[in-house]
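Spelled out from the first residue to the last, the chains are:
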Amino acid sequence: MFRLVFVCLVLGNFLFASSMIEQNWEKGETLLTFFEKNSIPLSLYYDLDREDQELASEIVADVKFLMLKSDEGVLEQVLIPIGDELQIHITNTADKYEFTTIPIAYEQSDEVLSVQTALSPYQDIINATNNYLLAHEFIQAFQNSINFKALQKGDKVVVFYTKRTRLGKQYASPLIQAAMVELRGRPHFVFRYNDDRFYDVNAKEIEGFFLARPVNFTRISSSFTYKRWHPVLKKYRAHLGVDYAAPKGTPIKAAGDGKIAFAGTKNGYGKTVTINHQDSYKTLYAHMNGFAQGIRSGKWVKKGQVIGYVGSTGLSTGPHLHLGLYRGDRAINPASVVKVTKNALKGKEKEEFLRFSEGYKQKIQTALLEQNTPQKEKSFDYMVALE
Ligand SMILES: [Zn+2]
């Protein structure tokens, strides 16, 4: 069974006389220490380009990864997921090791749920679908615009969402595309627009968390991308943050209020600070020259407070700030969130959005009449599963 799974995962060649080992990535482990432990030449890491080395810094503790070993115990393949979309794939053929990044294959399907509230939207969604992650995403989507306590029994909830499935199991969080909740009979909407953010019917953003610009930069030297096929290099590239080029020593400010979760060296990212903010948002600041005084893990910081200075530590070709933004463990594009005030779409963009949201409003009307219930999830194992 496991071998079959591995074929699905890599669609590559593998030996039948091999065994697959699933492990959790240890806390504090880096790709380098992993290579050392498994006798993989360190040059494989040092020869990677900057983007791939940065990506290797994105491996999170406890993530499940796979190793394929021959009967003689020789490591043949390794698969390490980076976020929901990409995985590092290391292969060893005739003692030649190769590093590539490949997409994580999953299927997605569009689902519609409509229910009448009986207990709470959270509980009602779980009762209807067994899908805890969906219930969580639903609450997150609305928490800054409505007060759930004001809901009455019988108020209706409609959710359009994209469910991701991998090897027959639910994979990662579902993505809510549009949703409606009635509050004493009055409908409230959220729509996920093309920037991955939620807007209301008036084209106003309803996210609660906004980032202050963390640095005065000269230019954006590398923008955010989940995975893009590089036609010349013939491989997938990813950059889970935005690089702001700025002179060495430029102050870096906390993008929002929060608690410092990490201040130290994080291999390819060099001197790095991560801050936990409200609503499970997290920011990461990498390649710092140094930290501001008193900046250490556990300390609370205010939005705009200087936390460090631009540098070129870790793997970096010149002084810049690599800014990462995460919601839970999912990297999102900071560029769409870096602003001081709430964003409302205007002009042509607003017109386009209203056309887009109108389409969903009609679908929601239909769903209300139909009482859709998607197939219930089978198990309660909703964490990102790779097996
Ligand atoms: Zn970067």
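Cut-off values and rules
- Residues numbered from 1 in each chain as written.
- Predicted model: local features only at pLDDT ≥ 70, side-chain atom pairs only at ≥ 80, totals over all residues.
- Heavy atoms only, no water.
- Phe/Tyr/Trp six-rings, centres within 6.5 Å; stacked < 30°, edge-to-face > 60°.
- Buried < 20%, exposed > 50% of the residue type's maximum accessible area, 1.4 Å probe, protein only.
- Lys NZ or Arg CZ within 6 Å of the ring centre and 35° of its normal.
- Helix = DSSP H or I, 4+ residues; strand = E, 2+ residues; numbered from the N terminus.
- Pairing = 2+ DSSP bridges.
- Axes fitted to C-alpha atoms, helices over the stretch in contact; angles between N-to-C directions.
- Parallel < 35°, antiparallel > 145°, perpendicular 65-115°, else oblique.
- Left-handed = near helix turned anticlockwise from the far one by under 90°.
- Contact = heavy atoms within 4.5 Å.
- Nonpolar A, V, L, I, M, F, W, Y, C, P; charged D, E, K, R; others polar.
- Salt bridge = Lys/Arg side-chain N within 4 Å of Asp/Glu carboxyl O.
- Donors = N, O, S within 2.8 Å, 3.2 Å for Na, K, Ca; no water.
- Domains from an automatic or database assignment.
- Buried area = accessible area lost by both parts, 1.4 Å probe.

S.K.: Teacher, can you tell me more about the packing of aromatic side chains here?
M.R.: One pair of aromatic rings is described through two measures. These are the centre distance and the angle between the planes. Inspection of the entire model under this criterion finds 20 aromatic pairs. Taking the centre distance of 5.7 Å and the plane angle of 10° together, the rings of F189 and F191 count as stacked. Overall, the relative accessible area of 0% leaves F191 in the buried class. Judged by centre distance (5.3 Å) and plane angle (75°), the rings of F224 and Y226 are edge-to-face. Each member of the pair F224 and Y226 is classed as buried. Among the aromatic residues, those joined into a ring-pair cluster are F160, F189, F191, Y193, Y199, F353, F356 and Y360. The ring of F189 is capped by K361, whose NZ or CZ atom sits 5.6 Å from the centre of that ring.

S.K.: Whenever I open this one, the pairing of strand β22 (residues 320-327) confuses me. Can you help?
M.R.: If a strand is regular, its side chains alternate between the two faces of the sheet. Among the 8 residues that make up β22, 7 are buried, leaving the element largely enclosed by the rest of the structure. Pairing between strand β15 (residues 242-245) and β22: 4 bridges, direction antiparallel. In the sheet register, V242 faces β22, and the bridge partner there is L323. By the bridge criterion, 6 bridges tie strand β19 (residues 281-291) to β22 in an arrangement that is antiparallel. Residue pairing in the sheet places T283 in a bridge with L325 of β22. Where β22 lies against strand β23 (residues 330-332), 3 bridges are found, and the strand directions are antiparallel. If you follow Y326 over to β23, its bridge partner there is A331. Linking two consecutive strands that pair antiparallel, namely β22 and β23, is a turn of 2 residues; a positive phi of about 65° is found at G328 within it.

S.K.: Quick question: what am I supposed to make of unusual backbone geometry here?
M.R.: Across the chain, the bulk of peptide bonds are trans and the bulk of non-glycine residues have phi less than zero. You will see that A94, though not glycine, has its phi angle at about 50°, which is positive. Within the secondary structure, A94 sits in the loop between β4 (86-93) and β5 (96-103). By relative accessible area, which is 81% here, A94 ends up exposed. Its identity is not glycine, yet A172 carries a phi of approximately 55°, on the positive side. With respect to the helices and strands, the residue A172 is situated in the loop between β8 (169-170) and β9 (175-183). Owing to a relative accessible area of 4%, A172 belongs among the buried residues under this scheme.

S.K.: Can you walk me through the sheet that holds strand β2 (residues 64-70) in this structure?
M.R.: Hydrogen bonds between backbone groups are what pair the strands of a sheet, and the pairing can be parallel or antiparallel. Strand order in this open sheet of 5 strands is β1-β2-β3-β4-β5, and the pairing throughout is antiparallel. Edge strands, defined here as strands with exactly one partner in the open sheet, are β1 (18-24) and β5. Neighbouring strand axes in the sheet, compared pairwise and without regard to direction, differ in orientation by 15° on average. Here 8 bridges tie β4 to β5, and the two strands are oriented antiparallel to one another. Of the residues in β5, the one forming a bridge with Q87 is I102.

S.K.: How do you make sense of the packing of helix α5 (residues 121-129) against helix α6 (residues 132-142) when you look at a structure like this?
M.R.: Viewed as axis vectors pointing N to C, α5 and α6 meet at an angle of 150°, and their least axial separation amounts to 8 Å. The angle between α5 and α6 places the two elements in the roughly antiparallel class. The hand of the α5/α6 crossing is right-handed. For the pair α5 and α6, the contacting residues are P121, Y122, I125, I126 and T129 in the first and Y132, L134, A135, H136, F138 and I139 in the second. The residue inventory of the contact of α5 with α6, partitioned by class, reads 9 nonpolar, 2 polar and no charged.

S.K.: Mind showing me how you'd approach the pattern of salt bridges here?
M.R.: Pairing of side chains with opposite charge becomes possible as their charged atoms draw close. Enumeration according to the criterion identifies 9 salt bridges in this entry. Between E85 and R164 there is a salt bridge; the shortest N-O distance is 3.8 Å. Within this pair, whereas E85 is found in the loop between β3 (75-82) and β4, its partner R164 is found in strand β7 (residues 156-166), the two being separated by 79 residues in sequence. With relative accessibility at 10%, the residue E85 sits in the buried group. On the basis of relative accessible area, R164 is assigned to the buried category, the value being 1%.

S.K.: So what exactly am I meant to see when it comes to the coordination of the zinc ion here?
M.R.: Geometrically, a metal with four donors at the corners of a regular tetrahedron has ideal angles of 109.5 degrees, and one with six donors at the corners of a regular octahedron has ideal angles of 90 or 180 degrees. Binding of the zinc ion to the protein goes through E54 (OE), H239 (NE2), D243 (OD), D243 (OD) and H322 (ND1), at separations of 2.1 to 2.8 Å. Read from N- to C-terminus, the donor residues coordinating the zinc ion fall into the pattern E-x184-H-x3-D-x78-H. Taken as a pair, E54 in helix α4 (residues 50-56) and D243 in strand β15 lie far apart in primary sequence, 189 residues in all. Both residues of the pair, E54 and D243, count as buried.

S.K.: Would you take a moment to explain the domain arrangement of the protein for this structure?
M.R.: Accessible area lost during the coming together of the parts is what is often quoted as the interface size. Partitioning the protein into structural domains gives domain 1 (2-103), domain 2 (107-207 + 344-370) and domain 3 (219-336). Of the residues lining the interface, 8 residues belong to domain 2; the matching set on domain 3 comes to 6 residues. When domain 2 packs against domain 3, close to 630 Å² is buried across both sides, 22% of that on carbon and sulfur atoms. There are 0 salt bridges connecting domain 2 and domain 3.

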